[in-house]
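# Tertiary structure, described
Here's the letter readout for the chains.
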Amino acid sequence: MIYSQSLARTMEIEARSTQSLSHQRITHLDTIRGVAVMGILIMNSVAFFLGGVAYFDISHPENAHWLDWLVAIAGEVFADQKFMALFSLLFGASILLFCERAEAKGYSSTKLSLWRNFLLFLIGGFHAMLWEGDVLTVYAMCAPILLMCRKLSPTLIIGLGCFIYLTPVMINWYIVSTADPSGFRMIWDNSYLENSSPDIDLAGLSMMYELFARALGMMFIGMGLYSNGKLADAASTPQIFKRSIVLLIVGISLSGLGLVWTYLNDFSTAAIIQGNLVNTVATIPVALGYVGLLMWWNKRAKSLLINRVQALGKTALTNYVGQTIVCLSLAAVIPTAWLSRSIVFLLIIVIWWLQLFVSEQWLKRYKFGPMEYLWRCLTYRRLMPFIVRAE
């Protein structure tokens, strides 16, 4: 009897809180998340269809057509690292947002967030069985650190995030200067499985650290920006637009310099890594520039496209896992000889269109994406309303 009363009270609190918070949904975060999921596909699809070496080395496979080179260069400058940074930044912000709303519903925010991210780790484990490039497990493992630091001052959180994000630059620069960089290429093409050396082990450890540091660093930056209100408030759109353009010019110029350095050194393994370090530095201003432009666009635009992008953002987990399933299925049936970077980009456009259309149509009928619904029900350990009721 006491348990039933407690459960009823909890459900009543949640219903009132959800109703009061529903009108406060920060739509530009959905827009940013939707674009981030779309952008992640640009680089992931290279790994899906063309392999690990092509992901890091834009001269591989042989780009015979000028269009393949154009796609490769654009991907390196505008997409590589940038959209994962955007996704990580939003994850950091979502930690604070979830804690706020959990507390408003009467839950222990820390316990519920830890449980929620444990579930994310399990979902990521399933995704990792499909593809080794999963980032959900990385995000879930970063969550406890974010929770421990969430009450620090926003300035300190952002500064800490920048420092963590940039540490791989110093580490990898030292490794390239002192060790044989061919170990990196052996990891890219999986030939390390037949070879073993301290240089390969060092390269592998540095790549693992880089993945965690770049993710955690941007999460801290996102958490800091949400905490100080910059990410939650899109009121001053003219100033946001101007600052975003400046950030993009700075970041894209740096990315271009890194690419020029790689080209001048004939795409050697060492030059690719060095150019990638410059690209890592450039990613912070580019990602922040994207955030600002998307906030500005969300504030000004009222169109079918932005509605679909927001729908994709609301079903980001489903779409992220869905991209993997679709691309792996296509890679299994499309002959390798047919594939080039430009053909892969055409496939990306088709997948984008399908995801935008399906996401919008799905949310007209259901409140959450399939993976989001499963995650939400397991988080609160009860069935949640799923079907959209006609008013």
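Look above for the structure.
Residues numbered from 1 in each chain as written. Predicted model: local features only at pLDDT ≥ 70, side-chain atom pairs only at ≥ 80, totals over all residues. Heavy atoms only, no water.

## Let's talk about the overall build of the chain
Scanning the chain from terminus to terminus reveals 16 helices and zero strands. Taken against the 2.2 N^0.38 rule, which gives 21 Å for 391 residues, the C-alpha radius of gyration of the chain at 22 Å falls within 12% of a compact globule. For the chain, the spread of C-alpha atoms along the principal axes amounts to about 70 × 50 × 45 Å. In the chain, which comprises 391 residues, the share counted as buried stands at 50%. (Helix = DSSP H or I, 4+ residues; strand = E, 2+ residues; numbered from the N terminus. Rg over C-alpha atoms; globule rule 2.2 N^0.38 Å. Buried < 20%, exposed > 50% of the residue type's maximum accessible area, 1.4 Å probe, protein only.)

## As for helix H5 (residues 82-104)
When the terminal C-alpha atoms of H5 are compared, their 33 Å separation across 23 residues agrees well with the 33 Å that a helix rising 1.5 Å per residue should span. Burial analysis of H5 places 20 of its 23 residues in the buried class, the great majority of the element. (Expected span 1.5 Å × (residues − 1).)

## Topic: helix H2 (residues 27-50)
Here H2 spans 35 Å end to end across 24 residues, near enough to the 34 Å set by a 1.5 Å rise per residue. The largest bend in H2 amounts to roughly 35° and is located at Met43. Along H2, 22 of the 24 residues are buried, which leaves the element largely enclosed by surrounding structure. Residue Gly51 follows H2 closely and has a positive phi angle near 100°. (Bend = angle between axes of the 7 residues up to and from the residue.)

## A look at unusual backbone geometry
With an omega of -10°, the peptide bond between His60 and Pro61 qualifies as cis. Structurally, Pro61 can be placed in the loop between helix H3 (52-56) and helix H4 (66-79). Residue Gln81 is not a glycine yet carries a positive backbone phi of 75°. With respect to the helices and strands, the residue Gln81 is situated in the loop between H4 and H5. Positioned with a positive phi, Asp266 is a non-glycine residue whose angle comes to about 55°.

## Quick look at the pattern of salt bridges
Tallied over the full model, the rule gives four salt bridges. For Asp57, the salt bridge is made with Arg185, and the minimal N-O distance between the two is 3.3 Å. In this pair, Asp57 is assigned in the loop between H3 and H4 and Arg185 in helix H9 (residues 182-188), connecting sequence segments 128 residues apart. A residue is classified by how much of its surface remains accessible, and Asp57, at 4% relative accessible area, is buried. Classification of Arg185 by relative accessible area gives partly exposed; the value is 23%. A salt bridge links Arg308 to Glu360; the shortest N-O distance between them is 2.9 Å. Of this pair, Arg308 sits in helix H13 (residues 304-314) while Glu360 is found in helix H15 (residues 341-365), placing the two residues 52 residues apart along the sequence. (Salt bridge = Lys/Arg side-chain N within 4 Å of Asp/Glu carboxyl O.)

## Digging into the nonpolar core
Core analysis: the biggest nonpolar cluster contains 84 residues, and Tyr139 and Leu231 have the highest contact counts within it. The element best represented in this core is H2, accounting for 14 residues. Grouped together as the second largest cluster of nonpolar side chains are eleven residues, Val53, Ala179, Ile187 and Ile273 included. (Core = buried A, V, L, I, M, F, W, Y, C linked by side-chain atoms within 4.5 Å.)

## Regarding the environment of Tyr165
Examined against the element boundaries, Tyr165 turns out to sit in helix H8 (residues 154-178). Note: C-alpha distance between Tyr165 and Leu216 (51 residues apart in sequence) is 7.2 Å. Other than its neighbours up to four places away in sequence, Tyr165 contacts Gln81, Ala213, Arg214, Gly217, Met218, Thr280, Thr283 and Ile284. (Contact = heavy atoms within 4.5 Å.)

## A closer look at a nonpolar patch on the surface
Taken together, Leu152, Leu156, Leu160, Phe163 and Met170 make up a surface patch of nonpolar side chains, about 470 Å² in accessible area. Classification of Leu160 as partly exposed rests on a relative accessible area of 30%. (Patch = residues over 30% accessible without salt bridge, like charges linked within 9 Å, V, L, I, M, F, W, Y side chains within 5 Å. Areas by Shrake-Rupley, 256 points an atom, 1.4 Å probe, with all protein chains shown as cover.)

## Some words on the packing of aromatic side chains
Inspection of every chain in the model, using the stated rule, returns 19 aromatic pairs. With a centroid separation of 5.4 Å and an interplanar angle of 55°, the aromatic rings of Tyr107 and Tyr380 are classed as tilted. Here Tyr380 lies in helix H16 (residues 370-380) and Tyr107 lies in the loop between H5 and helix H6 (109-130), a separation of 273 residues in the sequence. Exposure remark for Tyr380: the relative accessible area of 11% places this residue in the buried category. Between Trp353 and Phe357 the ring centres are 5.4 Å apart and the planes differ by 0°, which places this aromatic pair in the stacked class. Taken together, the residues span about one helical turn, with Trp353 and Phe357 both in helix H15 at a distance of four residues. Judged by its relative accessible area of 31%, Phe357 is partly exposed. In this structure an aromatic cluster arises from ring pairing among Trp362, Tyr366, Phe368, Tyr373 and Phe386. Seen from the ring of Phe98, Arg116 lies directly overhead, with NZ or CZ sitting 4.5 Å from the centre. Over the ring of Trp115 we find Arg381, and its NZ or CZ is 5.3 Å from the ring centre. (Phe/Tyr/Trp six-rings, centres within 6.5 Å; stacked < 30°, edge-to-face > 60°. Lys NZ or Arg CZ within 6 Å of the ring centre and 35° of its normal.)

## Quick look at the packing of H8 against helix H12 (residues 269-300)
Taken N-terminus to C-terminus, the directions of H8 and H12 make an angle of 165°; their axes are 10 Å apart at the nearest point. Viewed along their axes, H8 and H12 adopt a mutual orientation that is roughly antiparallel. The interaxial crossing formed by H8 with H12 has left-handed handedness. Along the contact surface, H8 presents Tyr165, Leu166, Pro168, Val169, Asn172, Trp173 and Val176, while H12 presents Ala270, Ile273, Gln274, Leu277, Thr280, Val281, Thr283 and Ile284. Across the contact of H8 with H12, the residue classes tally to eleven nonpolar, four polar and no charged. (Axes fitted to C-alpha atoms, helices over the stretch in contact; angles between N-to-C directions. Parallel < 35°, antiparallel > 145°, perpendicular 65-115°, else oblique. Left-handed = near helix turned anticlockwise from the far one by under 90°. Nonpolar A, V, L, I, M, F, W, Y, C, P; charged D, E, K, R; others polar.)

This is a description of form; function is not addressed.
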